[in-house]
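Chain by chain, the residues run as shown.
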Amino acid sequence: MDIISLVTERLQSMNPSVLKFLEKHLTVVDKYIRNVPFVEKYLEQEYDGIMDDLESMLKPYKESSMSFSALPVMGKSHDDILSEMASMAEKESGKWSDGHVSGAVYHGDADHIDFLNRVYAMNSQSNPLHSDIWPSANKFEAEIVSMTANMLGAGTIACNPDNQICGTVTSGGTESILLAMKTYRDRARIEKGITQPEMIVPITAHAAFDKAAQYFNIKKVTIPIGEGYAADVTKAKKAVTKNTIVMVGSAPSFPHGIIDPIEALSEIARKRKIGFHTDACLGGFILPWAEKLGYPVSHFDFRLPGVTSMSADTHKYGYAAKGTSVVLYRGPSLRHYQYYTITDWPGGLYFSPTFAGSRPGALSAACWAALISMGEKGYLDATQKILETADWIKAKIQDHPDLTMMGNPLWVLGFTSKTLDIYRIMDQMTQKGWGLNGLHKPSCIHLCVTLRHTQSGVAQTFIDDLTDAIEHVRSNPKETNGMAPVYGLAATLPVRSIVGDMLKKYMDVLYKV
Ligand SMILES: *Cc1c(COP(=O)(O)O)cnc(C)c1O
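In what follows, the accompanying structure is described. None of these values were measured; they are calculated from a predicted model.

So, about the nonpolar core. For soluble globular proteins, nonpolar side chains are generally found buried alongside one another. In this structure, Tyr317, Trp411, Phe462 and Leu466 are the most contacted members of the largest nonpolar core, which totals 93 residues. Counting residues per element, this core draws most heavily on helix 14 (residues 361-399), at 15 residues. With near-sequence residues (within four places) excluded, phenylalanine 462 lies in contact with Ile393, Phe415, Met429, Trp434, Leu436 and Leu447. Of all hydrophobic cores here, the second largest spans 25 residues; its members include Met181, Ala188, Ala212 and Tyr329.

The following block contains the structure:
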């Protein structure tokens, strides 16, 4: 990380007004710094060093298992392949099944997984693109959408077919969000002639909204968070222009688990006749049940007339296998802007509702099976367990003199420390086998509580380990190993493109055999 500290130090020792100017024109600074040949060369060397270290961490099977940079001449036996995979799965299951990671696996009971796997196996050839061969896949998807819509307030909407909540099954939260943003872009272009579209997005909204802005050429107008880490309504209202196509709120946000003031935000959107998307990827399958259990949940779904679309991830708290989510719209005419059709392709009349062409029908089958095997009672009980566990952990964090909660979340528990380096505390937790999420701007970490953490003893161990970690950091103030410095710098480094470069190199490493 030397280059980062070097550059950071350089910039920090500069005249503050010059620095202010430079930060305003970051892309120019980036270009300037990188165009100096010795800096470029130095950077490359630094990157290589860091990536070599990373590689040994990211490739634990390099020595121990068979690897293929090209097809094997003769196929391997099924037994060999299965036993090789079993040994990797065995090595990897401990951490998540014991409830030592944040989020990641949301249900994870062996019976539940076995059941989903049987459903998958039965449907592994299914492709909803071929509705003539697999009408079952379309039935599963239609019912997944309907069940999710009804859970999120569709049933309360008066029987006007133009307003009926509809949607599609997608491959995950990111696809749901990308599709919704594309839908608003296309609607605004066709219905309002907007060619320079803008979306208003709280800073805490998921990266997928930024991805949509990049992919679809939509200007992202970021609004800050205010009181309690929720989106600032006044700033959102001021951000609306004649080019605004959609406003966004999270229920709750990924970083701090806070529900944005969806009612106030969606009213602004409704009055200005723009779209409003509630991102309930994380909360869609928790909040309806939390509300029934009497937790303080402000309205966030289609019961609010301004909410025109939502995303809810079945592969998170819907407890389906990875690879499904639902995007919902107020009214089929809005959904039409999502669809793709071509009528003059030599391959025939072609259409597809989402980004993919062929799709894994088996994942939709497993999703449908997860929903109907859980039922309302299953989701209610799971939510109760999760929220009770989270309440207990939250109280312990709030009571700890060295820790500060980020606002007042329900089950995604973001916290920081005003007395110690929170990233060093996270490092200590990593050494104890915990996988927590490191966040920045502001510096904090979070534990996203799932059913895994409701297993007996997990919450207690978490708090015991956290207490020990804090003690360790306090009694070793000079220790500087681990990832703490990297996290600290990644947040404050002025030259963002260096950090961006490193992330790209990281992905290159992931694809190395
Ligand atoms: C997980 C998440 C997403 C994106 O979901 P993926 O399934 O990872 O693509 C979007 N928004 C929020 C709030 C999330 O927690």
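There is a patch of nonpolar side chains on the surface, built from Met66, Phe68, Ile81 and Met85 and spanning about 340 Å² of accessible area. Given the relative accessible area of 51%, methionine 85 is considered exposed.

Time to look at the packing of aromatic side chains. Here the distance between the centres and the angle between the planes together describe a pair of aromatic rings. For the structure shown, the criterion picks out 12 aromatic pairs. Both rings, one in tyrosine 317 and one in tyrosine 319, keep their centres 6.3 Å apart while their planes meet at 85 degrees; by these two values the pair is edge-to-face. Across the pair, tyrosine 319 and tyrosine 317 agree in class, each one buried. Taking 5.3 Å as the distance between ring centres and 90 degrees as the angle between the ring planes, the aromatic pair formed by tryptophan 345 and tyrosine 350 counts as edge-to-face. Judged by relative accessible area, tyrosine 350 falls into the partly exposed class, the value being 24%.

In the vicinity of the ligand there are 13 residues, among which Gly173, Thr174, Asp279, His315 and Lys316 approach most closely. A distance of 2.5 Å is found between an oxygen atom of the ligand and a side-chain nitrogen or oxygen belonging to threonine 174. Per-class residue counts for the shell around the ligand are 5 nonpolar, 5 polar and 3 charged.

Here we take up the sheet that holds strand 4 (residues 244-250). Taking strand neighbours across the sheet as the criterion, the 7 strands line up as 1-7-6-5-4-2-3 in an open arrangement whose pairing is mixed. Across the chains shown, the open sheet's two edge strands, defined by having one partner strand only, are strand 1 (165-170) and strand 3 (219-223). On average, adjacent strands in this sheet sit at an angle of 20 degrees to one another, irrespective of strand direction. Bridge count for strand 6 (residues 309-312) against strand 7 (residues 325-330) is 4 bridges, and the pairing is antiparallel. If you follow serine 309 over to strand 7, its bridge partner there is tyrosine 329.

Right, let's talk about the sheet that holds strand 13 (residues 444-448) for a bit. In spatial order, the strands read 10-11-13-12; together these 4 strands make up an open sheet with antiparallel pairing. Edge positions in the sheet fall to strand 10 (404-405) and strand 12 (437-439), since each has one partner strand and no second. Strand direction decides the pairing type here: strand 10 and strand 11 (residues 412-416), joined by 2 bridges, are antiparallel. Bridged to methionine 405 within strand 11 is phenylalanine 415.

Here we come to helix 5 (residues 78-97). Counted at 1.5 Å a residue, the expected span for helix 5 with its 20 residues is 28 Å, and the 26 Å between its end C-alpha atoms agrees. Its maximal kink placed at lysine 91, helix 5 deviates by approximately 30 degrees.

With that settled, the discussion passes to the pattern of salt bridges. Counted under the stated rule, the structure contains 18 salt bridges. In this structure, glutamate 55 engages lysine 512 in a salt bridge whose closest nitrogen and oxygen atoms are separated by 3.1 Å. Remark: lysine 512 occurs in the segment after helix 18 (496-510) and glutamate 55 occurs in helix 4 (residues 37-58); sequence separation between them is 457 residues. Where arginine 303 meets glutamate 291, a salt bridge forms, and the shortest distance between an N and an O atom there is 2.9 Å. Linking arginine 303 in the loop between helix 12 (287-292) and strand 6 with glutamate 291 in helix 12, this pair joins segments that are 12 residues apart in sequence.

With that out of the way, let us pick up the pairing of strand 13. Within strand 13, 5 of the 5 residues are buried, which leaves the element mostly enclosed by the surrounding structure. Burial of strand 13 is two-sided: the residues Cys444, His446 and Cys448 facing one way and the residues Ile445 and Leu447 facing the other way are all buried. Relative to strand 13, strand 11 runs antiparallel, the two sharing 4 bridges. Within the sheet, the bridge partner assigned to valine 412 lies in strand 13 and is cysteine 448. For strand 12 and strand 13, the ladder comprises 3 bridges, and the chain directions are antiparallel. Looking across to strand 13, one finds that asparagine 437 is bridged to histidine 446. Connecting strand 12 to the antiparallel partner strand 13 that follows it, the hairpin turn spans 4 residues, and lysine 441 within it adopts a positive phi of roughly 60 degrees.

The next thing to look at is the packing of helix 8 (residues 173-192) against helix 9 (residues 207-216). For the pair helix 8 and helix 9, interaxial distance at closest approach is 9 Å and the crossing angle is 45 degrees. One element, helix 8, and the other, helix 9, form an angle in the oblique class. Like other packed secondary-structure pairs, helix 8 and helix 9 cross with a definite hand, here right-handed. In this structure, helix 8 contributes Thr174, Ile177, Leu178, Met181, Lys182 and Arg185 to the contact, and helix 9 contributes Ala208, Phe209, Lys211, Ala212, Tyr215 and Phe216. Taken together, the residues of the contact of helix 8 with helix 9 break down into 8 nonpolar, 1 polar and 3 charged.

A few words now on helix 14. In an α-helix, one turn spans 3.6 residues; hence positions three or four apart end up facing the same way. When the terminal C-alpha atoms of helix 14 are compared, their 48 Å separation across 39 residues is substantially less than the 57 Å that a helix rising 1.5 Å per residue should span. Along its length, helix 14 shows its largest kink, about 85 degrees, at glycine 375.

Taken N-terminus to C-terminus, the directions of helix 7 (residues 135-151) and helix 14 make an angle of 40 degrees; their axes are 9 Å apart at the nearest point. For the element pair helix 7 / helix 14, the angle class is oblique. Relative to helix 14, the crossing made by helix 7 is left-handed. Contact residues: Lys139, Phe140, Glu141, Glu143, Ile144, Met147 and Thr148 in helix 7; Ser364, Ala365, Cys367, Trp368, Leu371 and Ile372 in helix 14.

So, how was this worked out
Residues numbered from 1 in each chain as written. Predicted model: local features only at pLDDT ≥ 70, side-chain atom pairs only at ≥ 80, totals over all residues. Heavy atoms only, no water. Core = buried A, V, L, I, M, F, W, Y, C linked by side-chain atoms within 4.5 Å. Buried < 20%, exposed > 50% of the residue type's maximum accessible area, 1.4 Å probe, protein only. Helix = DSSP H or I, 4+ residues; strand = E, 2+ residues; numbered from the N terminus. Contact = heavy atoms within 4.5 Å. Patch = residues over 30% accessible without salt bridge, like charges linked within 9 Å, V, L, I, M, F, W, Y side chains within 5 Å. Areas by Shrake-Rupley, 256 points an atom, 1.4 Å probe, with all protein chains shown as cover. Salt bridge = Lys/Arg side-chain N within 4 Å of Asp/Glu carboxyl O. Phe/Tyr/Trp six-rings, centres within 6.5 Å; stacked < 30°, edge-to-face > 60°. Near = heavy atom within 4 Å. Polar contact = N/O pair within 3.5 Å; in protein donor to acceptor, adjacent residues only side chain to side chain. Nonpolar A, V, L, I, M, F, W, Y, C, P; charged D, E, K, R; others polar. Pairing = 2+ DSSP bridges. Axes fitted to C-alpha atoms, helices over the stretch in contact; angles between N-to-C directions. Expected span 1.5 Å × (residues − 1). Bend = angle between axes of the 7 residues up to and from the residue. Parallel < 35°, antiparallel > 145°, perpendicular 65-115°, else oblique. Left-handed = near helix turned anticlockwise from the far one by under 90°.

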